[in-house]
Structures are given as structure tokens and as C-alpha cells.
Amino acid sequence: MVTVAGDGSREQMFLDLVRRHRVMAIVRGDSTAAALATGHALLEEGIALVEVTLTTPGALDVIAELAQARPCGTLVGAGTVLTTGNVADVLCAGGEFVVTPCPAPSVEAAAKAGLPVAAGAYTTGEAYAVWQAGASVVKLFPAGAGGGPAYLKALRDPLPDIAFMAVGGVGAKDVPRYIEAGAVGVGVGGPLVGDAARGGDLIALRERARAFVASVRDLGGSPT
């Protein structure tokens with residue numbers, strides 16, 4: 001595994017928040033203002049990890065503002081981070097973690113820069129490769145594409161030292177099933193964010209956020 005610069009405290013905080021709060025929100029929108037309002041609402045309703053994808057217009061500005069205003073004990077990061085240039089941009093914006101959809105040059109670049117990385121993978125080989133490149137957690141993506149919790153368990157059995165996060169097609173009722181299968185947490189886009197990041201209903205967003213927070217409130221500690 002790549003050696004990370006610094007004392008690892010940022011990575012440890014990221015891992016602690018994943019294991020404690022379980023849910024990372026994924027904000028992918030078509031409006032800077034809507035994405036910003038969505039991020040604020042999620043943080044205010046108790047979602048401790050908010051990812052803003054770089055495919056969102058003005059994503060770096062959204063990340064910068066949310067990172068400045070976030071409550072204590074929360075983190076704001078960037079998703080769809082693929083290149084070393086993306087990593088540099090996220091660092092300049094004040095992003096506190098990065099997420100990739102697949103194995104990419106950004107994984108090693110972010111790890112070397114001291115940024116926690118949730119690196120996308122689907123196969124055993126991909127999972128091991130991104131873990132060796134410095135991923136803090138391996139993002140099983142798309143988790144809901146046929147395999148679900150059973151596939152996550154099968155993937156984790158030969159790789160027990162890797163922390164897996166399930167992302168893609170995860171609803172509030174699915175969270176306990178993925179945790180029972182060995183995930184340290186889940187990443188949720190549409191089932192949580194809905195249309196809010198495209199200018200949709202923020203009141204409904206807040207209700208969904210509270211439902212996700214409630215869905216993990218009684219779950220036990222991390223399996224790893």
C-alpha cells in the first residue's frame with residue numbers, strides 16, 4: 001500500500017465517520033445553487049459525509065463553501081475524481097476526501113497527498129489494486145447491479161483486511177443488509193438526494209435524510 005504523507009489523522013477521521021455514521025451522501029446535480037443548498041440541508045440533518053461530484057456545475061465552488069461552513073464532526077469531499085489534476089483542484093478547494101468510480105490515477109495521487117480515498121472497484125482484482133494504491137476504503141460500485149449484499153460478502157471473504165463501502169442502488173432499507181454483509185458504510189445518491197440537487201424539493205430531501213440517519217442509529221459497531 002502507498003505510504004500516505006502526514007500523520008494519518010485525516011484518514012482516521014474519515015474512517016471513523018464512515019464506521020460511526022455509515023452513510024455518505026452523493027450530490028450529483030445540474031445547478032451550482034441547488035447542489036449547495038442540498039449539501040447544507042444534508043449536513044444540517046445529520047449526514048456526516050457529503051460527496052459533491054465533479055460532474056456538477058461549479059462543484060469546486062460548492063465543495064469550498066460547504067467545507068468552510070460544515071458542522072464540527074463532518075467532512076465534505078469530491079466524487080468522480082479521476083486524474084491527478086482533479087486531485088490538485090480538490091485540494092485547492094478545501095475538499096477533505098475523494099471518491100472515484102473505478103481504479104484511476106487519482107487514487108495514488110490522493111493517497112500521496114494525504115487525502116482519504118474511497119476508490120471504486122467491482123472485481124476482486126480491482127479491489128486489491130486500489131487498496132494497494134492507497135485507498136482508505138474500497139467502494140463496491142455498482143453494488144446493486146445483480147450482486148447486492150451477497151456479492152459484497154463473497155468479495156470480502158478472501159479480502160478480510162479491506163474496508164468496503166457499498167455504493168449504487170442502496171436504499172434506506174438496504175443499509176443494515178450491507179452492514180451485516182461486512183460493509184463499513186454505504187454511499188447513497190438518488191435514493192437520498194432525489195431531485196434536490198437539480199432544484200427539487202428540499203423539504204422531502206430533509207425527510208429522506210432523517211430516515212437514513214434513523215436507519216443506522218441502532219446498528220452496532222464496524223465489522224472491521
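Residues numbered from 1 in each chain as written. Predicted model: local features only at pLDDT ≥ 70, side-chain atom pairs only at ≥ 80, totals over all residues. Heavy atoms only, no water.

The cut-off we apply is this: UniProt positions are given in the numbering used here, feature names are shortened, and annotations may be inferred rather than shown by experiment.
Looking at an unreviewed UniProt entry, the chain carries the name Aldolase, with the source organism given as Mobilicoccus caccae. Under the heading Pathway (unreviewed entry), UniProt records this for the chain: "Carbohydrate acid metabolism." Comment text from UniProt for the chain, heading Sequence similarities (unreviewed entry), reads "Belongs to the KHG/KDPG aldolase family."

Details of the nonpolar core
For the record, the criterion: The criterion is simple. A nonpolar core is a set of buried Ala, Val, Leu, Ile, Met, Phe, Trp, Tyr and Cys residues joined through side-chain atoms within 4.5 Å. Exposure categories follow from relative accessible area, calculated using a 1.4 Å probe and restricted to protein chains: below 20% of the type maximum is buried, above 50% is exposed, and the middle band is partly exposed. Here a residue-residue contact requires only that any non-hydrogen atoms of the pair lie within 4.5 Å.
Within the largest apolar cluster, 59 residues are counted, with the highest numbers of intra-cluster contacts made by Leu 42 and Leu 192. With residues near it in sequence (within four places) discarded, Leu 192 still touches Val 23, Ala 25, Leu 42, Ile 47, Leu 205, Arg 208, Ala 209 and Phe 212. Of all hydrophobic cores here, the second largest spans 17 residues; its members include Phe 14, Leu 17, Val 99 and Met 165.

Side note on the packing of aromatic side chains
Using the following cut-off: The criterion for an aromatic pair is that two Phe, Tyr or Trp rings (for Trp, the six-membered ring) have centres within 6.5 Å, with stacked assigned to planes under 30 degrees apart, edge-to-face to planes over 60 apart and tilted to the rest. The numbering of helices and of strands both runs from the N terminus, where a helix is a DSSP run of H or I of at least 4 residues and a strand a run of E of at least 2. Charge-over-ring placement is defined geometrically: NZ (Lys) or CZ (Arg) within 6 Å of the ring centre, and within 35 degrees of the ring normal.
In total, this model carries two aromatic pairs according to the counting rule given. Seen from their ring centres, Phe 14 and Phe 97 are 5.1 Å apart, and the 35° between their planes marks the pair as tilted. With Phe 14 in helix H1 (residues 9-21) and Phe 97 in the loop between helix H4 (84-93) and strand S4 (98-99), the pair connects residues that are 83 residues apart, well separated along the chain. For Phe 14, a relative accessible area of 0% translates into the label buried. Residue classification places Phe 97 among the buried residues on the basis of a relative accessible area of 0%. When the ring of Tyr 122 is compared with that of Tyr 151, the centres are 4.8 Å apart and the planes differ by 20°; the resulting orientation is stacked. Placement of the pair is Tyr 122 in the loop between strand S5 (117-121) and helix H6 (124-132) and Tyr 151 in helix H7 (residues 148-156), with a sequence separation of 29 residues. With relative accessibility at 24%, the residue Tyr 151 sits in the partly exposed group. A cation over a ring is seen here: Lys 139 above Phe 141, with NZ or CZ 4.7 Å from the ring centre.

Observations regarding helix H5 (residues 105-113)
The line we're drawing: This arc describes the spread of directions from the helix axis toward the C-beta atoms.
Among all positions of H5, only Ser 106, Val 107, Ala 110 and Ala 111 are buried. All buried residues of H5 fall inside an arc of 130° around its axis, so they share one side. As for H5, its buried residues are in contact with H4, S4, S5 and H6. After H5 finishes, the residue Gly 114 shows a positive phi value of roughly 90°.

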